[in-house]
Amino acid sequence: MKPNRSIPASTVIPVLIYPDVRAAVAWLGAAFGFVERVRIGEDHRAQLRFGDGAVIVGDVRHDRRPPRPGEVTHSVMVRVENVRAHCEQAREHGARIIMEPTDFEYGERQYAAEDFAGHQWTFSETLADVAPEEWGGTSVTPD
């Protein structure tokens, strides 16, 4: 792919809709550690980065809206270094913790949170390199 400073370099970039883009940027930075890289208009869109990943925050317009209460249409997974510390930071900033940090047989410690607009997030810390076959998965394509 050709580089372009106007779009994040990540291959997959979720676009999440929030009722207030500036509030979302501030909250996602404080609670989850995202960093704003590009602002498009005052309250239209923002590109955020986390490590080598990215997410775009978009405004409500036309048929775009944040999730409705009681509705889960997606979850964004983000890999972090320390799930327990990350969870406490998110909790301190008002994230609703859906699942406390839990260790899984596939080598990950994860917690799940809901942000102020209803988007669900899973944060994952690698504990060990485990082959999918060791826990019941199937490797289909080598990385």
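Engineer: Got a minute to help me understand the overall build of the chain in this structure?
Structural biologist: When its secondary structure is counted, the chain shows 2 helices and 8 strands. Its helices and strands in sequence order give the chain the pattern β-α-β-β-β-β-α-β-β-β, from N to C terminus. Here the analysis covers contacts within the chain between residues at least 6 apart in sequence; of these, 52% occur between residues at least 24 apart. Working note: accessible area of the chain is about 8800 Å², and carbon and sulfur atoms make up 52% of it. Across the chain, the mean location of the 16 positive side-chain charges is 9 Å away from that of the 22 negative side-chain charges.

Engineer: Is there a simple way to explain helix H2 (residues 83–92) in this structure?
Structural biologist: Count 3.6 residues to each turn of an α-helix, and residues three or four apart come out pointing the same way. All of the buried residues along H2 are Val-83, His-86, Cys-87 and Ala-90. Taken down its axis, H2 places every buried residue within 100 degrees of arc, on the same side. For H2, the secondary structure elements touched by its buried residues are helix H1 (21–32), strand S3 (45–50), strand S6 (96–103), strand S7 (108–114) and strand S8 (120–126). Taking the backbone nitrogen of Arg-84 as reference, a side-chain oxygen 3.2 Å away marks Asn-82 as the first, capping residue of H2. Phi turns positive, to about 95 degrees, at Gly-94, one or two residues after H2.

Engineer: Can you walk me through the nonpolar core in this structure?
Structural biologist: Most often, soluble globular proteins keep nonpolar side chains buried together rather than apart. Counting residues in hydrophobic clusters, the biggest one holds 27 residues, and the most contacted among them are Tyr-18, Leu-28, Phe-32, Phe-34, Tyr-111 and Trp-121. Residue assignment for this core shows that the elements contributing at least two residues are H1, S3, strand S4 (53–58), strand S5 (75–79), H2, S7 and S8. The element that contributes the greatest number of residues to this core is H1, accounting for 7 residues. Here Leu-28 is in contact with Tyr-18, Gly-33, Phe-34, Leu-48, Val-57, Asp-115 and Trp-121, once residues within four sequence places are set aside.

Engineer: Sorry if this is basic, but what is going on with the sheet that holds strand S1 (residues 15–17) here?
Structural biologist: Strand pairing in a sheet relies on backbone hydrogen bonds, with the paired strands running either antiparallel or parallel. Taken together, 4 strands build an open sheet; the order of strands is S1-S4-S3-S2 and the sheet is mixed. The two strands at the open ends of the sheet, each matched to only one other strand, are S1 and strand S2 (35–40). Pairwise comparison of adjacent strand axes, ignoring direction, gives a mean angle of 25 degrees for this sheet. Summarising the sheet, S1 and S4 pair through 3 bridges and their orientation is parallel. Within S4, the position partnered with Ile-17 by the bridge is Gly-58. Sitting on the sheet, H1 is in contact with S2, S3 and S4, with an inclination near 10 degrees to S3.

Cut-off values and rules
- Residues numbered from 1 in each chain as written.
- Predicted model: local features only at pLDDT ≥ 70, side-chain atom pairs only at ≥ 80, totals over all residues.
- Heavy atoms only, no water.
- Helix = DSSP H or I, 4+ residues; strand = E, 2+ residues; numbered from the N terminus.
- Contact = heavy atoms within 4.5 Å.
- Areas by Shrake-Rupley, 256 points an atom, 1.4 Å probe, with all protein chains shown as cover.
- Lys, Arg positive; Asp, Glu negative; His and termini not counted.
- Charge placed at Lys NZ, Arg CZ, Asp CG, Glu CD.
- Buried < 20%, exposed > 50% of the residue type's maximum accessible area, 1.4 Å probe, protein only.
- Arc of directions from axis to C-beta.
- Polar contact = N/O pair within 3.5 Å; in protein donor to acceptor, adjacent residues only side chain to side chain.
- Core = buried A, V, L, I, M, F, W, Y, C linked by side-chain atoms within 4.5 Å.
- Pairing = 2+ DSSP bridges.
- Axes fitted to C-alpha atoms, helices over the stretch in contact; angles between N-to-C directions.

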